Structures are given as C-alpha cells and as structure tokens.
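Letter by letter, the chains look like this.
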Amino acid sequence: MSDELAEEIYVVPDRECGTCTACCKDLAIVEDSFKKLPGTMCEHCVGGSGCGIYETRPKICRSYFCGWRNLPNIDDSWRPDRSGILITLEHQAQGNEIASDANLILVGGDEVVAGDRFAGMAAGFIESGTKTFLVLPGRPGMMAYNVRLNELLGPAIAARDLALVKDMLKECLETLREQPDVAIAPELMGYAPSHAGNVAG
C-alpha cells in the first residue's frame, strides 16, 4: 500500500491496539532494515503486549491497520485477540475510489469459524461485493493457505441459509488444514495474506 493511499484509509477514532499483538506475530515484516517471518513473534514485542520501538517502528508497521481499526461497524469484541480473527484489508485505488479485499485470518481456534458471528461477518463482506478470503496461517516459517469464499458461499448467503454457510465454512477450514507444510522461500517474504497458497476459488 502506497504512503498516499495509507493516508486516505479511515481509522476509527479512539480505537487503539492496546495489548493486542496479533499482527506482530501472524504477519510478515519485510523491510531492508528488518525482516520477520509470519507466525513468529516480533523480537521488538515487549512481554508479548506491545511494541518496544513504537516511535521508530518499521514503515510497514506504521502504515498497517487491521480491519478492526478501519471498520466502524464492528465493535470492540472484534479486536483480533478477542475474536480470534485478524481482518486484513488490502486497499487498491480505483479512480477516485478505494476498493478493498478482505482477508479473514484465523488467529484463534477452529471454533471461531464455526460460530454465527464469523458466518455473519463473512456474509456481510461478500454481500458488499468485497473479495473475501478465509486464511489459515501456517506454522512458523510456513506458507499460509487461503480460500476465496465469494463463489462458494454466495448461493447459501443469497438463500439466507446460515446453517449451510456455517457447514461450508467448516469444510473450507478442513480443506485448508489438509494442505501440506510449505516453507516460505526467501524471495516470497513480501507476500500478502491473499497471495498465499490458494486451494480453491
């Protein structure tokens, strides 16, 4: 995301990360001066509760805000350390508008995906026309896998069949869990979640 685009992204006022460090662990950091593989806690995370170099943190960290920081229509329970979901929005400028893809990264247990709240969240993104991915992080140093949900869940969402949506999400997660471990090659350290290994859609 360019600096110019980052400045245009809305951040919900008075909504702070607090002790949430999901992005410090589950996302890659790739800069000339500092690199960190996804799935490993950043060495600058103090006591697992905050950034020890916040004032001089890498540029990529300064420009990143998770979906909970961006989206005013979700409440405090969606903070990643509370919800088990790290929402990462990939923004692209399209003319005078900014379009976003939604990566719903599972940082909690499988039961998170099984709940009504997650199904409703995914359905809301899909109904808005947002390209929406369920992302399962790999073990430390391993590739994440994702599945695009729009086409898979679209008919069930249109039919307002919540039970079917939840069943299909469970199947998607099971498919992701069956994928083999693949080590992240050094040249791929700049990947974004939705560019991880895609297994469907």
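Given the structure is predicted, the values throughout are model-derived calculations rather than measurements.

Student: If you had to explain the overall build of the protein chain to someone new, which residues and values would you point to?
Tutor: The secondary structure content of the protein chain amounts to nine helices and seven strands. When burial is assessed residue by residue, the protein chain has 43% of its 201 residues classed as buried. Pairs at least 24 apart in sequence give 59% of the contacts found in the protein chain among residues at least 6 apart. A total accessible area of about 10,600 Å² is found for the protein chain, and carbon and sulfur atoms account for 52% of it.

Student: Can you break down a negative patch on the surface residue by residue, with the values?
Tutor: A cluster of acidic side chains, namely Asp 161, Asp 167, Glu 171, Glu 174 and Glu 178, defines a negative patch on the protein surface. Of note, Glu 174 is situated in helix 9 (residues 162–177). Residue Glu 174 is classed as partly exposed on the basis of its relative accessible area, which comes to 41%.

Student: Tell me about the environment of Ile 157, and please be specific about residues and values.
Tutor: By the element assignment, Ile 157 lies in helix 8 (residues 150–158). Placed 37 residues apart in sequence, Ile 157 and Gly 120 show a C-alpha to C-alpha distance of 9.3 Å. What Ile 157 contacts, discounting residues up to four positions off in sequence, is Ala 123, Ile 126, Glu 127 and Val 165.

Student: Which residues make up unusual backbone geometry, and what values do they have?
Tutor: Although it is not a glycine, Asp 14 adopts a positive phi angle of roughly 60°. Inspection of the secondary structure puts Asp 14 in the loop between helix 1 (3–8) and helix 2 (22–26).

Student: Requested: an account of the packing of aromatic side chains, with residues and values cited.
Tutor: All chains considered together, the criterion is met by zero aromatic pairs. Sitting over the face of the ring of Tyr 54, Arg 57 holds its NZ or CZ atom 3.8 Å from the ring centroid.

Student: Provide a residue-level description of the pairing of strand 5 (residues 132–136), including the pertinent values.
Tutor: When you tally the buried positions in strand 5, you get five out of five residues, the bulk of the element. Burial of strand 5 is two-sided: the residues Thr 132, Leu 134 and Leu 136 facing one way and the residues Phe 133 and Val 135 facing the other way are all buried. Here four bridges tie strand 5 to strand 6 (residues 145–148), and the two strands are oriented antiparallel to one another. From the neighbouring strand, Val 135 faces strand 6, where its bridge partner is Asn 146.

Student: Give a description of the nonpolar core that names residues and reports values.
Tutor: If you look at the biggest cluster of nonpolar residues, it comprises 41 residues, and the most contacted ones within it are Ile 85, Ile 87, Leu 104, Phe 125, Leu 134, Leu 149 and Leu 169. Elements supplying a minimum of two residues to this core: strand 3 (85–94), strand 4 (97–106), helix 6 (111–114), helix 7 (116–127), strand 5, strand 6, helix 8 and helix 9. A per-element tally of this core places helix 7 first, with seven residues. Beyond its immediate chain neighbours, meaning those up to four positions away, Ile 87 contacts Tyr 64, Cys 66, Gly 67, Ile 74, Asn 103, Leu 104, Met 121 and Phe 125. Of all hydrophobic cores here, the second largest spans five residues; its members include Cys 24, Phe 34, Cys 42 and Cys 45.

Student: Please give an account of the pattern of salt bridges that cites residues and values.
Tutor: Summed over all chains, the structure comprises seven salt bridges. In this structure, Asp 101 and Lys 131 form a salt bridge, with 3.8 Å as the shortest nitrogen-oxygen distance. Pair noted here: Asp 101 is in strand 4 and Lys 131 is in the loop between helix 7 and strand 5, with a separation of 30 residues, a long-range link. Judged by its relative accessible area of 10%, Asp 101 falls in the buried class. Taking the shortest distance from any N to any O, the salt bridge between Glu 127 and Arg 160 comes out at 2.7 Å. Here the residue Glu 127 occupies a position in helix 7, and Arg 160 occupies one in the loop between helix 8 and helix 9, the gap between them amounting to 33 residues.

Student: An account of helix 7 is needed here, citing residue identities and associated values.
Tutor: An ideal rise of 1.5 Å per residue puts 16 Å on twelve residues; helix 7 measures up with 16 Å between its terminal C-alpha atoms. Among all positions in helix 7, only Phe 118, Ala 119, Met 121, Ala 122, Ala 123, Phe 125 and Ile 126 are buried.

Rules and cut-offs
Residues numbered from 1 in each chain as written. Predicted model: local features only at pLDDT ≥ 70, side-chain atom pairs only at ≥ 80, totals over all residues. Heavy atoms only, no water. Helix = DSSP H or I, 4+ residues; strand = E, 2+ residues; numbered from the N terminus. Buried < 20%, exposed > 50% of the residue type's maximum accessible area, 1.4 Å probe, protein only. Contact = heavy atoms within 4.5 Å. Areas by Shrake-Rupley, 256 points an atom, 1.4 Å probe, with all protein chains shown as cover. Patch = residues over 30% accessible without salt bridge, like charges linked within 9 Å, V, L, I, M, F, W, Y side chains within 5 Å. Salt bridge = Lys/Arg side-chain N within 4 Å of Asp/Glu carboxyl O. Lys, Arg positive; Asp, Glu negative; His and termini not counted. Charge placed at Lys NZ, Arg CZ, Asp CG, Glu CD. Phe/Tyr/Trp six-rings, centres within 6.5 Å; stacked < 30°, edge-to-face > 60°. Lys NZ or Arg CZ within 6 Å of the ring centre and 35° of its normal. Pairing = 2+ DSSP bridges. Core = buried A, V, L, I, M, F, W, Y, C linked by side-chain atoms within 4.5 Å. Expected span 1.5 Å × (residues − 1).

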